[in-house]
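As a plain string of letters, each chain reads:
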Amino acid sequence: MKWIKRALMAVALVLVLFVALLIFLLATFDPNAYKDRISTAVQEQTGRELTISGDIGLSIFPRLALALGETTLANGEGFPDDHFARIREVDVAVAMLPLLRRELQVERVRLEGLDLNLARDARGRSNWDDLLKDVDAPEVSAETPPSESDALPSALRGLDIAGIEVIDARVRWRDAQAGTDLVVDPFNLTLGRLRLGQETPLELTFQTRLGEPALTAVTDLSALLYLDVANQRYGLRRLTATLDARGETLPAPILARLEGDLWADLRNDTATLERLTVTAFDTQLTGLMKVESLTDEPRVHGELRSGRINPRQLMQALGMEEPETANPDVLKNAALDLGFVMQGERLDLSQLMVTLDETTLTGRATVSGFATPAINLSLQVDRINLDHYLPPAEDRPAPGAGQVPAPRDGWPEETIDLPLALLRPLNLSGDLGIGRLVVGNLHLSDVVLELRARDGQVELRPFRAALYDGRVEGALGLDARGEIPRFQARSNLQGVRMGNLLQDLTGEAPMVTGTANLRLDLNSRGDSVKALIAGLNGDGDLRFADGAVKGINVAQIIRDAEGRLRGRAVEPADEPVQTDFTELTGSFRINNGVVDNQDLQASSPLLRVRGRGTVDLNRERLDYRLDTGLVATLEGQGGRSLDDLRNVNLPITIRGTFSEPRFGLDLAGVVSGRLDQERERLEQQVQERVEEKVQPLIDQQRDRVQQEADRIRDQLGDRLLDRLR
């Protein structure tokens, strides 16, 4: 047992000598004497000057502690700031005994007053390039992934840091190429006890300032930090971040809050943001995100959905002027639900659902190339009334007694402001289906349209819809490549109740009723209503069945003219001012705003009408002629019979302005022509009768026949006039 006692005494002696040696070294060693040597070494390695203005404190037992006072590292050559980095104080302490067991147990890490200037000049050179020029990245073989022991040094397996503090740090980033001047000041970080594979609380606050345009943002972040270096898994659980951003470019201060769990799995090259909640402007978004292929071309996919959104309140919070709408109760309820995938220059929105007031939109969208995006849409809308979202109609006071509204002085010449600069680069392809649509007070259903926009040309082709018991098909086009836009419109209406359509469109009694088939092919060029009317060209044809033309009663016009010719008072009319027809057809051409029609035909049990003439849209004037023939009595329209004019051509002229058209009928000329025709017929009958007599009697009765012929002619003329009366 004596050898044991001797051994213990030897060990005790060694320990005493070791402690005595440590005490001697601490008492005699001055680390500040090595400042110049440290600065020289840094100068030789980096070419930059290192200035240690503060004291260097060093202790070895029971902990290895280093305290460094104010220290400055000079900036790279050619950069304006005096220093690259400056620290006011650094304090690091490591437990000594665990270090002897090859375990790293850090009792404290404290960094105060860090001032870091990062910069890139106009040539793209950074002020840290020279510090990294001699650092060679270790080569990693793709075929032999590192083992757990290689990935994590043994000294770090037992990493234990009691806490980390970064106080009053400042980082500035200036980029001469991008014109960016960004300052993060102050930056404060507090980290609790850090152990690998265990969670530790993290608190982070920093303020960001952007020079031009001026922007300031304050960020506060708290989370539970998780580090698993061996498995390359890192996380921020129960993450909560708040943002308060204000600046010239922002429409209003932004107060936002983000919550969720953020995980990065570097072994599988993925990252996820779970239980995501974003709140801003009284609006909340929830969802999740996952990023794959972190080290290659990241692929981001996830889901987002919102709670109830009040668009009007949101616009007010953003400092935007809310639009004045015809229906003040719209833009008060909205919601969003979508799935998305983004990789490289492509964004896919799937499971898209947008609710706005009483409208629900579903579908998908794709955006390719964010600099000059190509957009593809496929959307379905259940129902929408666009009139509710248009500006309200101007309030026009009703004219008082005896007042007549002032006539409009031509077509408006004000320029129509179209966003041509936005339309020219637009690359859009989409299809849209609408169950029920109200626009311009027109009611459509089963709407199908395809929209194409590229190189300044916008086309809505085809366009199909159910319209007032009929169908409409057509296409619209806009050419925005030039300074003055060009327009094209083609439509084909089949079986449409035109009276109902015009009633809803104008809000007034329609001029034409009936079931309509109408074809139009129009084009124009201009940037005002007046210019568009003047440049209107095209053609079309129409066919109406079982309808009426309002504003003109052909039968009444004929009766009034006949009465004036007879010298009788005009009979008051209590029937509608309209002309009924069973069919009305015609075609027309438009040349620079002048409509030319030469083949109008209308028929009814009463009338046969042929029309020709022009309608000058520029001057808003009419010059039209209707050749009307009576094929039945007028009593069907409530008037006295005019059988004497049956099968006689009755020319009706329509002239004047749109607001004050003038209708005329030259019935005196018609009667005079009819009398001449009757006289010629009677003379022919007399001549034939005379020729039947024998020649001797002809000579004897010539004078008598002549007298008789004169008498018969006068008698027939009086009889015809009596019948017309």
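Residues numbered from 1 in each chain as written. Predicted model: local features only at pLDDT ≥ 70, side-chain atom pairs only at ≥ 80, totals over all residues. Heavy atoms only, no water.

Asks: Run through the overall build of the chain, naming residues and quoting values.
Replies: Each helix and strand in the chain was counted, giving 13 helices and 36 strands. When the 725 residues of the chain are sorted by exposure, 33% land in the buried category. The long-range share in the chain, meaning contacts at least 24 apart out of those at least 6 apart in sequence, stands at 49%. With the model as given, the accessible surface of the chain reaches about 44000 Å², and the carbon-plus-sulfur share is 55%. (Helix = DSSP H or I, 4+ residues; strand = E, 2+ residues; numbered from the N terminus. Buried < 20%, exposed > 50% of the residue type's maximum accessible area, 1.4 Å probe, protein only. Contact = heavy atoms within 4.5 Å. Areas by Shrake-Rupley, 256 points an atom, 1.4 Å probe, with all protein chains shown as cover.)

Asks: Outline the packing of aromatic side chains, supporting the account with residue identities and numerical values.
Replies: In this structure the tally under the stated criterion is two aromatic pairs. We note Arg233 situated over the ring of Trp263; from NZ or CZ to the ring centre the distance is 4.5 Å. (Phe/Tyr/Trp six-rings, centres within 6.5 Å; stacked < 30°, edge-to-face > 60°. Lys NZ or Arg CZ within 6 Å of the ring centre and 35° of its normal.)

Asks: Tell me what's going on with unusual backbone geometry, and back it up with residues and numbers.
Replies: Backbone torsion omega between Asp185 and Pro186 reads 0°, so that peptide bond is classified as cis. For Pro186, the position within the fold is in strand S11 (residues 180-191). A cis amide bond, omega -10°, links Arg461 with the succeeding residue Pro462. Position of Pro462 relative to the elements: it lies in strand S26 (residues 457-467). Backbone geometry places Tyr468, a non-glycine residue, at a positive phi of 45°. For Tyr468, the location among the structural elements is in the loop between S26 and strand S27 (470-479).

Asks: Account for the environment of Ala374, with residues named and values stated.
Replies: Inspection of the secondary structure assignment puts Ala374 in strand S23 (residues 374-385). Taking the C-alpha atoms as reference points, Ala374 and Arg454, separated by 80 residues in sequence, lie 9.1 Å from one another.

Asks: I'd love a proper account of the pairing of strand S13 (residues 199-210), names of residues and values included.
Replies: With eight bridges joining them, S11 and S13 adopt antiparallel strand pairing. Bridging across to S13, Thr190 finds its partner in Glu203. Relative to strand S14 (residues 215-228), S13 runs antiparallel, the two sharing 12 bridges. Within S14, the residue paired with Pro201 across the bridge is Leu224. Between the end of S13 and the start of S14, which pair antiparallel, lie four residues. (Pairing = 2+ DSSP bridges.)

Asks: Account for the pattern of salt bridges, naming residues and giving values.
Replies: Two side chains bearing opposite charge may form a pair once their charged atoms approach each other closely. Under the criterion given, the structure shown has 34 salt bridges. We note a salt bridge from Glu322 to Arg312, for which the minimum N-O separation is 2.7 Å. On the criterion of sequence distance, the pair formed by Glu322 in the loop between helix H7 (311-317) and strand S20 (334-343) and Arg312 in helix H7 is long-range, its members being 10 residues apart. Note on Arg312: relative accessible area 8%, which makes it buried. As a salt-bridge pair, Asp539 and Arg589 come within 3.6 Å of each other at their nearest N and O atoms. With Asp539 in strand S30 (residues 537-550) and Arg589 in strand S31 (residues 578-591), this residue pair connects regions lying 50 residues apart in the sequence. Assessed through its relative accessible area of 56%, Arg589 is described here as exposed. A network of salt bridges, in which partner residues are shared, links Arg88, Glu89, Arg110, Glu112, Glu165 and Asp168. (Salt bridge = Lys/Arg side-chain N within 4 Å of Asp/Glu carboxyl O.)

Asks: Describe the nonpolar core, and please don't skip the residues or the numbers.
Replies: Core analysis: the largest hydrophobic core is formed by 33 residues, its most contacted members being Leu444, Val447, Leu467, Leu493 and Leu501. Leaving out residues up to four positions away in the same chain, Leu444 has contacts with Gly435, Arg436, Leu437, Val439, Phe463, Ala465, Ala466 and Leu467. By size, the runner-up hydrophobic cluster in this structure holds 20 residues, among which are Val94, Ala169, Leu194 and Ala241. (Core = buried A, V, L, I, M, F, W, Y, C linked by side-chain atoms within 4.5 Å.)

Asks: Break down the environment of Asn310 for me, citing the residues and quoting the values.
Replies: In this fold, Asn310 is placed in the loop between strand S19 (299-306) and H7. For Asn310, a relative accessible area of 14% translates into the label buried. Taking C-alpha positions, Asn310 is 8.8 Å from Ala335, a pair spaced 25 residues apart along the chain. Excluding residues within four positions of it along the chain, Asn310 makes contact with Leu331 and Lys332. A distance of 3.1 Å separates the side chain of Asn310 from the backbone nitrogen of Arg312, its partner in a polar contact. (Polar contact = N/O pair within 3.5 Å; in protein donor to acceptor, adjacent residues only side chain to side chain.)

Asks: Help me get a handle on helix H9 (residues 498-506), residues and values and all.
Replies: All of the buried residues along H9 are Met498, Gly499, Leu501 and Leu502. End-on, the buried residues of H9 take up no more than an arc of 160°, which puts them together on one face. Turning to H9, the residues buried within the fold contact strand S25 (442-454), S26, strand S28 (486-497), strand S29 (512-525) and S30. Phi turns positive, to about 75°, at Gly507, one or two residues after H9. (Arc of directions from axis to C-beta.)

Asks: Tell me what's going on with the side chain of Asn117, and back it up with residues and numbers.
Replies: One can find Asn117 in strand S8 (residues 115-120). Polar side-chain contacts of Asn117 include one of 3.1 Å to the backbone oxygen of His83. Among the polar contacts listed, one links the side chain of Asn117 to the side chain of Arg170, at a separation of 3.4 Å. Residues contacting Asn117, with those up to four places away along its chain left out, are Asp81, His83, Phe84, Asn127, Arg170 and Arg172.

Asks: Outline the environment of Val447, supporting the account with residue identities and numerical values.
Replies: As for its position among the elements, Val447 is in strand S25. Here the alpha-carbon distance between Val447 and Leu467, two residues 20 residues apart in the chain, equals 9.4 Å. Once residues lying within four places of it in the same chain are set aside, the contact partners of Val447 are Leu432, Gly433, Ile434, Leu437, Phe463, Arg464 and Ala465.

Asks: Account for the confidence of the model for the chain, naming residues and giving values.
Replies: Reading predicted coordinates in detail is not appropriate for stretches of low pLDDT. With 72% of its residues at a pLDDT of 70 or more, the chain shows a mean pLDDT of 79. Between residues 1-8, whose pLDDT stays under 50, and residues either more than four places distant or in other chains, the model counts zero contacts. Counting interchain partners and residues more than four positions distant, the pLDDT-below-50 stretch residues 140-150 has two contacts. (pLDDT = per-residue confidence, 0-100.)

Asks: Describe the pairing of S8, listing the residues and the values that go with them.
Replies: Side chains Asp115, Asn117 and Ala119 of S8 all project onto a buried face; the interleaved residues Leu116, Leu118 and Arg120 project onto a face where none is buried. Sheet analysis places strand S5 (residues 83-87) next to S8, joined by two bridges and oriented antiparallel. In the sheet register, Ala85 faces S8, and the bridge partner there is Leu116. Bridge count between S8 and strand S10 (residues 164-175): six bridges; the pairing is parallel. Across the sheet, residue Ala119 finds its bridge partner in S10, namely Arg174.

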